Amino acid sequence: MQERLEALQAEAIAKVEEASDLKALQEIRVAYLGKKGPITEVLRGMGKLSAEERPKVGQMANDVRAAITEKLEQKEQRLEEEAVEQQLAAESIDVTLPGRPVQVGSRHPLTGVVEHVEDVFMGMGFSVAEGPEVETDYYNFEALNLPKEHPARDMQDSFYITNDLLLRTHTSPVQARTMEKYEGKGPVKIICPGKVFRRDDDDATHSHQFMQIEGLYIDENVRMSDLKGVLETFAKKFFGPDQKIRLRPSFFPFTEPSVEVDISCVMCGGDGCRVCKQSGWIEVLGAGMVHPRVLEMGGFDPNKYSGFAFGMGVERLAMLKYGIDDIRHFYTNDYRFLQQFKRA
Ligand code: DAH
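Values in this document were obtained by computation on a predicted structure and should not be read as measured data.

Our next topic: the domain arrangement of the protein chain. Here the protein chain is described as being made up of domain 1 (2-89) and domain 2 (109-341). Summarising the inter-unit geometry, the C-alpha centres of domain 1 and domain 2 are found 96 Å apart.

Below, the structure written as structure tokens:
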């Protein structure tokens, strides 16, 4: 009996050691320790033993059962640990692999140009003002010396909301609004970037919506030479230190005298090319000395104060600076176009 049990224990333990998965262990457990297994058989047959032998064999059978169980459990634990390790190894991440690049957008070129212009003028003591895009007839025209029926209104046909409300055709109404805020006391020194709207046919250089930047400087003794100096500084800072400007006489109802301002051609440097139509100059903005009637309507005494104003098109500046040939590129949201304005 004793030998039988010892042999069973050795056999079972050898099988446990050989087993390579949990299923095999379960089979061994059933085969040796199950109800129909040899150890149960031994225990069952104990009735036939003498009273002296019975406890010894019982004790021994229990020891064998315990030894096999322990071995099974050890092996089970080891197999489970191995399984976890294998899984970890299989699922491990290589942290040294390069990551997938994140797609980063870029600032719209018009935003970039507006910010650049703001920087330049802030450097000369200007601050940034704003006004509404839906404007009254009074601020858009009347307060700028463009009374009803004035022929110059034709050049700025607009989108009307009511007879008296329209989408502003230029940023100049911010001049009138700003003057009112200052209640007749200078100095006023602002620029105003913003969207403007005109009932225009859209083509490579025209759009029914575009952007302007307005400038206004009112103080005692502001002269035309101040206007020229400020604009020349702007041209050099924005386009480059070799830029020259030239003023040509023009007409705007809100300035007197009025000028068109040209910069030397950014493409050919002034030698003459297709872009400047061989003239060497490119028109970039309108400007002039604020008309005394405009000062007066804005609450400023024209005998004490004088000032200059200017207005420029943002798209035009951007097209010249970056060599863009069609204004519609700005509004079509083509990723290939926008991507070129990413900062390095
Ligand atoms: N408002 C004018 C336009 O849209 C541009 C302009 C010209 C603005 C002369 C000014 C100025 O302030 O003095 O065509």
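The subject of this paragraph is unusual backbone geometry. That bond from Gly 186 to Pro 187 is cis: its omega, -5 degrees, falls within 30 degrees of zero. If you trace the backbone, Pro 187 turns up in the loop between α7 (173-182) and β4 (188-197). The omega torsion of the bond from Glu 256 to Pro 257 falls at -5 degrees, within 30 degrees of zero and hence cis. Looking at the element boundaries, Pro 257 is found in strand β7 (residues 255-264). Its identity is not glycine, yet Glu 149 carries a phi of approximately 75 degrees, on the positive side. We classify Glu 149 as exposed; its relative accessible area is 75%.

On to the pattern of salt bridges. It is possible for side chains of opposite charge to pair when their charged atoms get near one another. Evaluated as defined, the whole model comprises 17 salt bridges. The closest approach of N and O atoms between Glu 76 and Arg 29, which form a salt bridge, is 3.5 Å. Here Arg 29 lies in helix α2 (residues 22-33) and Glu 76 lies in helix α4 (residues 53-91), a separation of 47 residues in the sequence. Residue classification places Glu 76 among the partly exposed positions, given a relative accessible area of 26%. Taking relative accessible area as the criterion, Arg 29 reaches 24% and is therefore assigned partly exposed.

Reading the values: rules and limits
- Residues numbered from 1 in each chain as written.
- Predicted model: local features only at pLDDT ≥ 70, side-chain atom pairs only at ≥ 80, totals over all residues.
- Heavy atoms only, no water.
- Domains from an automatic or database assignment.
- Helix = DSSP H or I, 4+ residues; strand = E, 2+ residues; numbered from the N terminus.
- Buried < 20%, exposed > 50% of the residue type's maximum accessible area, 1.4 Å probe, protein only.
- Salt bridge = Lys/Arg side-chain N within 4 Å of Asp/Glu carboxyl O.

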